[in-house]
Amino acid sequence: MSFVLSNSSLSNEPSWKGVSLSIHGAEKRAQICQRRTAASYPVSQRPPVVGHRSLPQVRGSIKMEVSSSGSSISAGTGGKTKPHQPVAKDVNIFFDELEGVNSPSKDDDSLLHHGNLTSTSDDASRLEVVGEEVPDKNKTNGLYFRDGKCRIDYILVYRKSNPQTEKREVFERNIRAEGLQMEKESSLTNSDIIFVKLHAPWEVLGKYAELMNVRMPFRRKIYYLHRRYKFMNRIEKQISRFRGWLPRKPMKLDKETLPDLEENDCYTAPFSQQRIHHFIIHNKDTFFNNATRSRIVHHILQRVKYEEGKNKIGLNRLLSNGSYEAAFPLHEGSYRSKNSIRTHGAENHRHLLYECWASWGVWYKYQPLDLVRRYFGEKIGLYFAWLGWYTGMLFPAAFIGLFVFLYGVTTLNHCQVSKEVCQATDIIMCPICDKYCPFMRLSDSCVYAKVTHLFDNGATVFFAVFMAVWATVFLEFWKRRRAVIAYDWDLIDWEEEEEEIRPQFEAKYSKKERMNPISGKPEPYQAFADKCSRLIVSASGIFFMICVVIAAVFGIVIYRVVTVSTFAAFKWALIRNNSQVATTGTAVCINFCIIMLLNVLYEKVALFLTNLEQPRTESEWENSFTLKMFLFQFVNLNSSTFYIAFFLGRFTGHPGAYLRLINRWRLEECHPSGCLIDLCMQMGIIMVLKQTWNNFMELGYPLIQNWWTRRKLRQEYGAQRKTSFPQWEKDYNLQPMNAYGLFDEYLEMILQFGFTTIFVAAFPLAPLLALLNNIIEIRLDAYKFVTQWRRPLASRAKDIGIWYGILEGIGILSVITNAFVIAVTSDFIPRLVYAYKYGPCAGQGEAGQKCMVGYVNASLSVFLVSDFENRSEPTSNGSEFSGSPLKYCRYRDYRDPPHSPVPYGYTLQFWHVLAARLAFIIVFEHLVFCIKHLISYLIPDLPKDLRDRMRREKYLIQEMMYEAELERLQKERKERKKNGKSYHNEWP
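Residues numbered from 1 in each chain as written. Predicted model: local features only at pLDDT ≥ 70, side-chain atom pairs only at ≥ 80, totals over all residues. Heavy atoms only, no water.

Draft legend 1. Representation of empty space enclosed by the protein in the model. Tallying each qualifying case throughout the model produces 9 cavities of 30 Å³ or more. Taken together, 17 residues line the largest cavity, and the ones lying closest to its centre are Val417, Val421, Pro672, Ser673 and Arg892. Elements represented by at least two residues in the lining of the largest cavity include exactly helix H12 (416-423), helix H13 (446-455) and helix H27 (855-858). Residues belonging to the lining of the largest cavity are distributed by class as follows: 9 nonpolar, 5 polar and 3 charged. What the second largest cavity holds in volume is close to 110 Å³. Counting only elements with at least two residues in the lining of the second largest cavity, the list comes to helix H21 (676-723) and helix H23 (743-757). (1 Å grid on protein atoms, 1.4 Å probe; cavity = no way out; pocket = protein on both sides within 12 Å on 5 of 7 lines; lining within 4 Å. Points joined across faces, edges and corners; volume = space filled by probe spheres on them. Helix = DSSP H or I, 4+ residues; strand = E, 2+ residues; numbered from the N terminus. Nonpolar A, V, L, I, M, F, W, Y, C, P; charged D, E, K, R; others polar.)

Rendered as structure tokens:
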């Protein structure tokens, strides 16, 4: 009995203007043969049935009949059309109780073929096209079954020696019960490794595409041109004529090398088998692209049982318990070709991506985002779209940061403060540590004073304001860019349609159900008390791990205060004379090692806490895990930087009354030139080391592993045999994508964004370093995805998820931290107060370099050497400076001299500086936040042209639906009149 597709059951369904289904080039009949169902077992030997509610009921066989003209396809069952069946409550899932009775043997070895590149499947479950010759290329490229017709949609890998045979056997039997076709193949390099090749026939793809609301093209877009005035048309003509004189844009890709991605030029709608004639189907084998086919197969595998029990479901659990070793979709062939892509074209999409995207020679080109989305899915496409947008927005930030640095270089010789420091040979500074640190001339820190001026100059405040505004503009324009991408990729309404419950959540809370307020269907429910208790435990774990980070920072602080005295007594003069720089440098390197070690621990803790919370959906799981890992790594990476920026040298006391740690170690002081140089060293070293390490782990580690695998294969089988490996064998030898998907890529960039914005006032070159890294990062990630990793499962996503909220939080935090860096860490405020209140230009309203004369002397206080504590008294008496023991030394602070009525009390200038710092923080924050909110208000989230396009598309779709329904009713009326059947008068 054939199943003929028709639109006769659509009288109550809205449809679109007659878009007939045409299969071009299909001159022959195409028959889709039956798959294995429960009916293939004798009744007496049929295995028991276990019901599962999340899968649709498997129906009878489907045949498609194509007319000789290939113009249309109609649907029906025995001449009558059954309405679309909703998801059934129960699904027949089979478990063998009688081994060897009309059932495959262990692991279904009857499907196994040894030593062949491809293997045959059961003829009864294979698509056969009568009279059609299959190209030999399909049989040898490793992308099809042995018949060359059934494309491999998914690969499962296991070892025959694995003891989980029974679970795997039941799982594979239930896979076939769902309609998937299967072949097995033994590995050419290891007979213990078995590859299971899966293919989804047309009826399975159609059924699950409808269930998953997969959007497919049904009508080409009609582009509407706005009416323009003659004046505007003339201006546009002049601009286009001027552009014609300019050289061709080198950053744009050659459109001739990119394929015409049809779905981007078509209106789309959720796929429906009842309305199949509305969709543009040129070839049913390519109607669903490879990424969509793999996603549908993965959806099925995630909901198939392998054992009785509420938790015994899904491929992920079989991968975790070792039943299967790997699961992945195939790459579309090799990424290299002997022929040039310009002369012979691309061999496949993977080859095209390599040449136009992953090759280092196209580092200056725009990314082919539509092709990336087609091959890897929307989720990965959105990541690269965001990364490209972030990299492009770094250009103005890097340019301004470089300008600030060059401004410091050009004004270095005119800086009055650095001149006074370099000329202060008669000012003797107090030791910076106990006993072993000697007295030193202020002029010895001349180099540090000049380096500090490169980053702390008059343009620093402007740059801090600019970066705060830049972060807001970056996020606001990304929202507009994301809206355009979401529209072009049909992601506007995706989240509401396709959000699914995690199998783990469904299995754990299957006994408690409640009605979904949106769908009206019962779904598993987590009690409020259970959820709260889990969240409290998780929050406690987060707090404990943050305390571990603070303890690590405390250890670094102890290291700094202990080693500064050790380096001061070192026998090498180079280290002895630069003891503070050596202490800072080694502390930063040790801190980096601790950061990398703690990251490994944080990952395990975050995974445990996230699974403990039992999130409902995959997006909730990802958001929860992302937030924990970001908090851990952000605190881990920036805690030492916060200490140096805001605490180093702030609470040390003064000579003769130093504050001590555990009443033993004297707290570390800043260099005579200030603490900004320490902050610059911390940021520069951490940023360079972190980015270098990340790039190595992302590309170097997979390259080394893949090289070692290829080397072993060459030694065992020779280079010629290796080239004849099928595609599944080649992909299996590649490295799998990490278990958390794009988490590591996003986290690396978000942490870099934090470094670029949070302390940018102290290190203006951070955006430039980030830009250079990201230019490499884009091609490095592309090369890794195309060549070094197995093909990841194509996943859909509407935006970058919780990362956007984290970016907004970093933008707000950056305003606060930069205000404190300028006011507290740098000398900008003390210099400003001196220029307007205490300098030569006091009361004149000027603040030039001539007004800074005497600033260095005014910022140093005097200390009587005889007032030193016994444990702080230096071993040297300072006689090497003047020939006699020193009586006085200087230190950075605003305190009264020792012979004043209140020795070492704060001066009036200290309180003026403190008040100015607090006032600056308040004014700076309010001003920048007002600018940020004003920009956010002025920039709409949706571009005006996109809003108009969306409204017009909605209007056109309504018109097409109305016209198609009207045409269908008129056609039915004519057919009834032609057949002579009586009918009631009806509209129209």
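Once you've had a look at it, read on.
Draft legend 2. The arrangement of the environment of threonine 460 in detail. Structurally, the position occupied by threonine 460 is in helix H14 (residues 460-488). Linking threonine 460 and isoleucine 822, residues 362 residues apart in sequence, is a C-alpha distance of 8.0 Å. Those residues within four positions of threonine 460 in sequence are excluded, and the remaining contacts are Phe455, Ala761 and Ile822. (Contact = heavy atoms within 4.5 Å.)

Draft legend 3. Layout of the side chain of arginine 480. The topology assignment puts arginine 480 in helix H14. For the buried arginine 480, no salt bridge is present, and the opposite-charge side chain at shortest range is aspartate 945, 6.0 Å distant. (Buried < 20%, exposed > 50% of the residue type's maximum accessible area, 1.4 Å probe, protein only. Lys, Arg positive; Asp, Glu negative; His and termini not counted. Salt bridge = Lys/Arg side-chain N within 4 Å of Asp/Glu carboxyl O.)

Draft legend 4. Unusual backbone geometry, seen in detail. A positive phi is found at aspartate 490, a non-glycine position, where the angle reads about 60°. Inspection of the secondary structure puts aspartate 490 in the loop between H14 and helix H15 (494-498). Although it is not a glycine, tyrosine 904 sits at a positive phi angle of roughly 60°. Of note, tyrosine 904 is situated in the loop between strand E23 (888-892) and helix H29 (908-938).

Draft legend 5. Inspection of the state of the cysteines at higher detail. Under the defined criterion, the tally for this structure stands at 3 disulfides. One disulfide in the model links cysteine 422 with cysteine 446; its S-S distance is 1.8 Å. Residues cysteine 422 and cysteine 446 are joined by a disulfide whose S-S torsion is about 80°; by sign, that bridge is right-handed. Here cysteine 446 lies in helix H13 and cysteine 422 lies in helix H12, a separation of 24 residues in the sequence. Residue class for cysteine 422 comes out partly exposed when judged on its relative accessible area of 23%. There is a disulfide in this structure between cysteine 841 and cysteine 851, and the S-S distance comes to 2.1 Å. Here the disulfide of cysteine 841 and cysteine 851 is left-handed, its torsion about the S-S bond being about -85°. Of this pair, cysteine 841 sits in the loop between helix H26 (828-838) and H27 while cysteine 851 sits in the loop between H26 and H27, and the two are 10 residues apart along the sequence. In terms of burial, cysteine 841 and cysteine 851 fall into one category: buried. Looking at cysteine 415, it has no disulfide partner, and the nearest cysteine sulfur is the one in cysteine 422, 9.2 Å off. (Disulfide = S-S within 2.5 Å.)

Take it as geometry only, folks, not as evidence of what the structure does.
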